[in-house]
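Coordinate analysis (summary)
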Number of protein chains: 2
Amino acid sequence: MTIINKQILLVSRPQGMPTPENFRLVEVPLPAISDGQVLVRNHFLSVDPYMRARMNDAKSYTSPQPLDEVMTGGTAGKVLESKHPDFVAGDTVLGFAGWQEHVIVDAPQASLMQKVDTSRIPLSAYLGTMGMPGVTAWYGLMRIINPKAEETVVVSAAAGAVGTVVGQLAKERGCRVIGLAGGSEKCRYVHEELGFDGCIDYKQYQDVQMLRAVLKETCPNGIDGYFENVGGLILEAILPRMNTFGRIAVCGMISGYNGTPIPIPIPQWILQSRLKVQGFIISDHMEVWPEALQEIKTLVVEGRIKSRETIAQGLTAAPDAFVGLFQGKNFGKQLVKLI
Amino acid sequence: MTIINKQILLVSRPQGMPTPENFRLVEVPLPAISDGQVLVRNHFLSVDPYMRARMNDAKSYTSPQPLDEVMTGGTAGKVLESKHPDFVAGDTVLGFAGWQEHVIVDAPQASLMQKVDTSRIPLSAYLGTMGMPGVTAWYGLMRIINPKAEETVVVSAAAGAVGTVVGQLAKERGCRVIGLAGGSEKCRYVHEELGFDGCIDYKQYQDVQMLRAVLKETCPNGIDGYFENVGGLILEAILPRMNTFGRIAVCGMISGYNGTPIPIPIPQWILQSRLKVQGFIISDHMEVWPEALQEIKTLVVEGRIKSRETIAQGLTAAPDAFVGLFQGKNFGKQLVKLI
């Protein structure tokens, strides 16, 4: 029986926010697999902000996504059929199959497809807290901010896949942790359920001076570490509140991904407060994954790191789910569930 | 015989560029020294860009200079009379006496006054290459940029007291070194006399696109380390030319000291190129002085680090010499010679 594989291709490069016209749904029959190949049914697709940069043709930190090819991205699924000695049907696997329902993987390599243990961790978590977003949080916090107990750590997009882990890891380190998130529901979750010391609803403060005032109130001892996911107005408000020798881990600047970049108006703060501002991309640091995931797994299993998912249903929901990231629609990790 | 001491006080806080009205010359008789005190005749005053920040009342990296007191600053001179066992008349000393001809130091401490050896190094050099500017260059280059051989290092204000040392130290490390300086005479000096691989006269390129084009031509392999003394347009031009994992040591942003801060228009480069941007103030790192000065001294004595001074004559020339720093009038280290 031939399986018809549904795929979403990127067919044109978005100007600003992506629209449905930038994507096309296609259906292609899957061939039978050959020796050394594995057929996987994808259960979950990951949509992540970094994908926006890949949709451009310009130089960025990743190579551009080729047009008329399947949108790339992280996936989690189950082996349907295997002609490779390391895999059997039923194995749960993490991969990078992109926006499609099935994938045939040649001579699987660990970097392309790895078996994951779902006995205590749900499959979808390997695309979130137990995957790239979790390791991203760990690296920026531990290797760039490296906070000491009692220090104040602030994280933007605090209710997102990365931000939730940053804050909970910082609490484990004994820090005072303040989040920034959009809307009272997200803030309540971050503060009450995740145990951050506070969460600022930045939508209440559209003006940089007001945002600075509430940061001063919420972080009376200043800010020692800032985990940046947003950029723009929030970064502008944060800079003067940073303590001497403060560290800023620049993980993302989502506020500028779809439009005009938003300048840092007073770079002198970097000098005056002797700040370290460091950008990073987790794929540069594959060597930390085992250590990071071991630490995160322990905390997840013990219930000390909690997480939440926003799940869109069906492959065709992927473009909207992706666009929703830039509108703050996701609560925790945004996934697309295929089956 | 009573000595009359001439002093320059800061009497009001400048708005923008300092003017003569911000300073006042006073003459005060010096008392006889008591046990434990040392009387020093200052031979050279240092004027440095960091002093501008101290003239403001606002929070900065140093506490504000109090009004109606002697402008503080580094000095080099000779002991005239000593009632302290560690000093005798004729000792050459480095201190922090400020803009005045004489100073009486109580129970001298190493941090306030130290003897320096002028047998192979001229006294004035201890305010430049062999002093704070030299150690500043060393720290930013070695501890923040930490360049490998063959890497490209760019330094702005390349003909200044700090920039000249940055570039020569980077050449010692086997780097390709490009300077930025204002005017053909400075560029010729940096390139031909100091041995930089090139020097860009930034005054020829008032537009950021033109500056980027010449940086691309001069640094065909991109920029791995940038030592920032200037900020503004130059930083804007540099950012997209930085290589992945580039390091920017922010030592100064002189273009913004006297007016409106000049924003970084596209902070996304920090993320895309995974840059480390780190501000520093050398007085935070007193522990590196011995190591830095030992290395610099060896190179100076061997003639492998050259330096140049611009010398203004007499105490009353200090305010103009200081203002000249912001107009790029100094060539190498700006000093005021008192005797």
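Residues numbered from 1 in each chain as written. Chains lettered and ligands numbered in written order. Predicted model: local features only at pLDDT ≥ 70, side-chain atom pairs only at ≥ 80, totals over all residues. Heavy atoms only, no water.

All names here are of chain A. Under the definition given, this model contains 24 salt bridges over all chains. Salt-bridge contacts for Asp-197 lead to Lys-171; the nearest nitrogen and oxygen are separated by 2.9 Å. Within this pair, whereas Asp-197 is found in the loop between α4 (184–193) and β11 (198–201), its partner Lys-171 is found in helix α3 (residues 161–172), the two being separated by 26 residues in sequence. The class of Asp-197 is partly exposed, set by a relative accessible area of 31%. Between Arg-188 and Glu-193 there is a salt bridge, and its shortest N-O distance comes to 2.9 Å. What you see here is one network of salt bridges that share partners, running through Glu-172, Glu-302 and Arg-304. (Salt bridge = Lys/Arg side-chain N within 4 Å of Asp/Glu carboxyl O. Helix = DSSP H or I, 4+ residues; strand = E, 2+ residues; numbered from the N terminus. Buried < 20%, exposed > 50% of the residue type's maximum accessible area, 1.4 Å probe, protein only.)

This part is about α4 of chain A. In an α-helix, one turn spans 3.6 residues; hence positions three or four apart end up facing the same way. Residues and elements named next belong to chain A. Buried within α4 are the following residues: Lys-186, Cys-187, Tyr-189 and Val-190. The buried residues of α4 all sit within an arc of 160° when viewed along its axis, so they share a single face. Opposite the buried face of α4, by more than 90 degrees, sit the exposed residues Ser-184, Glu-185 and Glu-192. Residues of α4 that are buried sit in contact with α3, β10 (176–181) and β11. Immediately beyond the C-terminal end of α4, within one or two residues, lies Gly-195, with a positive phi of roughly 85°. (Arc of directions from axis to C-beta. Contact = heavy atoms within 4.5 Å.)

Now for the interface of chain A and chain B. The accessible area lost on association of the parts is a frequent measure of interface size. In this complex, chain A contributes 33 residues to the contact, which on the side of chain B involves 33 residues. When the two sides are added together, the surface that chain A and chain B hide from each other amounts to roughly 2900 Å², 63% of it contributed by carbon and sulfur. Counting the contacts that link chain A with chain B gives two salt bridges. One can count five residue pairs in polar contact (both at pLDDT 80 or more) joining chain A with chain B. Of all the elements in the fold, those that place two or more residues in the side of chain A that touches chain B are β13 (242–250), α7 (268–272) and β14 (276–279) of chain A. When its residues are assigned to classes, the side of chain A that touches chain B shows 21 nonpolar, eight polar and four charged. Bridge count for β14 of chain A against strand β14 (residues 276–279) of chain B is three bridges, and the pairing is antiparallel. Residue pairing in the sheet places Lys-276 of chain A in a bridge with Gln-278 of chain B of β14 of chain B. (Buried area = accessible area lost by both parts, 1.4 Å probe. Polar contact = N/O pair within 3.5 Å; in protein donor to acceptor, adjacent residues only side chain to side chain. Nonpolar A, V, L, I, M, F, W, Y, C, P; charged D, E, K, R; others polar. Pairing = 2+ DSSP bridges.)

Further remarks concern the relation of the copies chain A and chain B. Mapping chain A onto chain B calls for a screw motion: a turn of 180° about the axis and a shift of 0.0 Å along it, with 0.0 Å RMSD after fitting. This pairing of chains is accounted for by a two-fold axis. Both copies share a contact surface, since 100% of the interface residues of chain A are interface residues in chain B too. (Least-squares fit on C-alpha atoms with pLDDT ≥ 70 in both.)

In this section: the confidence of the model for chain A. Residue-level pLDDT values for chain A average 93, and 97% of them are 70 or greater. Across the assembled chains, the prediction reports ipTM 0.88 with pTM 0.91. (pLDDT = per-residue confidence, 0-100.)

Residue and element names in this part refer to chain A. Packing of helix α2 (residues 132–145) against helix α8 (residues 289–301) brings their axes to within 9 Å, and their N-to-C directions diverge by 100°. Classified by the angle between their axes, α2 and α8 sit roughly perpendicular to one another. Of the residues in α8, those touching α2 at Met-132, Gly-134, Val-135, Trp-138, Met-142 and Arg-143 are Trp-289, Glu-291, Ala-292, Leu-293, Glu-295 and Ile-296. For the contact of α2 with α8, the residue count by class is eight nonpolar, one polar and three charged. (Axes fitted to C-alpha atoms, helices over the stretch in contact; angles between N-to-C directions. Parallel < 35°, antiparallel > 145°, perpendicular 65-115°, else oblique.)

Residue and element names in this part refer to chain B. Structurally, Asn-56 is set in the loop between α1 (50–54) and β4 (69–70). For Asn-56, a relative accessible area of 26% puts it in the partly exposed group. In the structure, Asn-56 is positioned ten residues away from Pro-66 in sequence and 9.6 Å away in space, judged by C-alpha atoms. Polar side-chain contacts of Asn-56 include one of 2.9 Å to the side chain of Arg-52.

Moving on, we come to the sheet that holds strand β1 (residues 4–10) of chain B. Taken together, three strands build an open sheet; the order of strands is β2-β1-β4 (chain B) and the sheet is antiparallel. Edge strands, defined here as strands with exactly one partner in the open sheet, are β2 (23–29) and β4 of chain B.

This part covers the pairing of strand β15 (residues 309–313) of chain A. Residues and elements named next belong to chain A. Burial of β15 is one-sided: the residues Thr-310 and Ala-312 facing one way are buried, the residues Glu-309, Ile-311 and Gln-313 facing the other way are not. In terms of strand pairing, β15 meets strand β16 (residues 333–337) through five bridges, oriented parallel. If you follow Glu-309 over to β16, its bridge partner there is Lys-333. Handedness of the crossover joining β15 and β16 through helix α9 (residues 318–325): right-handed. (Right-handed = clockwise from strand over helix to strand, strands pointing away.)

This brings us to the packing of α2 of chain A against α3 of chain A. Residues and elements named next belong to chain A. Running from amino to carboxyl end, α2 crosses α3 at an angle of 45°, the nearest separation of the two axes being 8 Å. What the angle tells us is that α2 and α3 run oblique. Of the two elements, α2 crosses α3, and the hand of that crossing is right-handed. Contact residues: Pro-133, Gly-134, Thr-136, Ala-137, Trp-138, Leu-141 and Met-142 in α2; Ala-161, Val-162, Val-165, Val-166, Leu-169 and Ala-170 in α3. Residues that form the contact of α2 with α3 fall into these classes: eleven nonpolar, two polar and no charged. (Left-handed = near helix turned anticlockwise from the far one by under 90°.)

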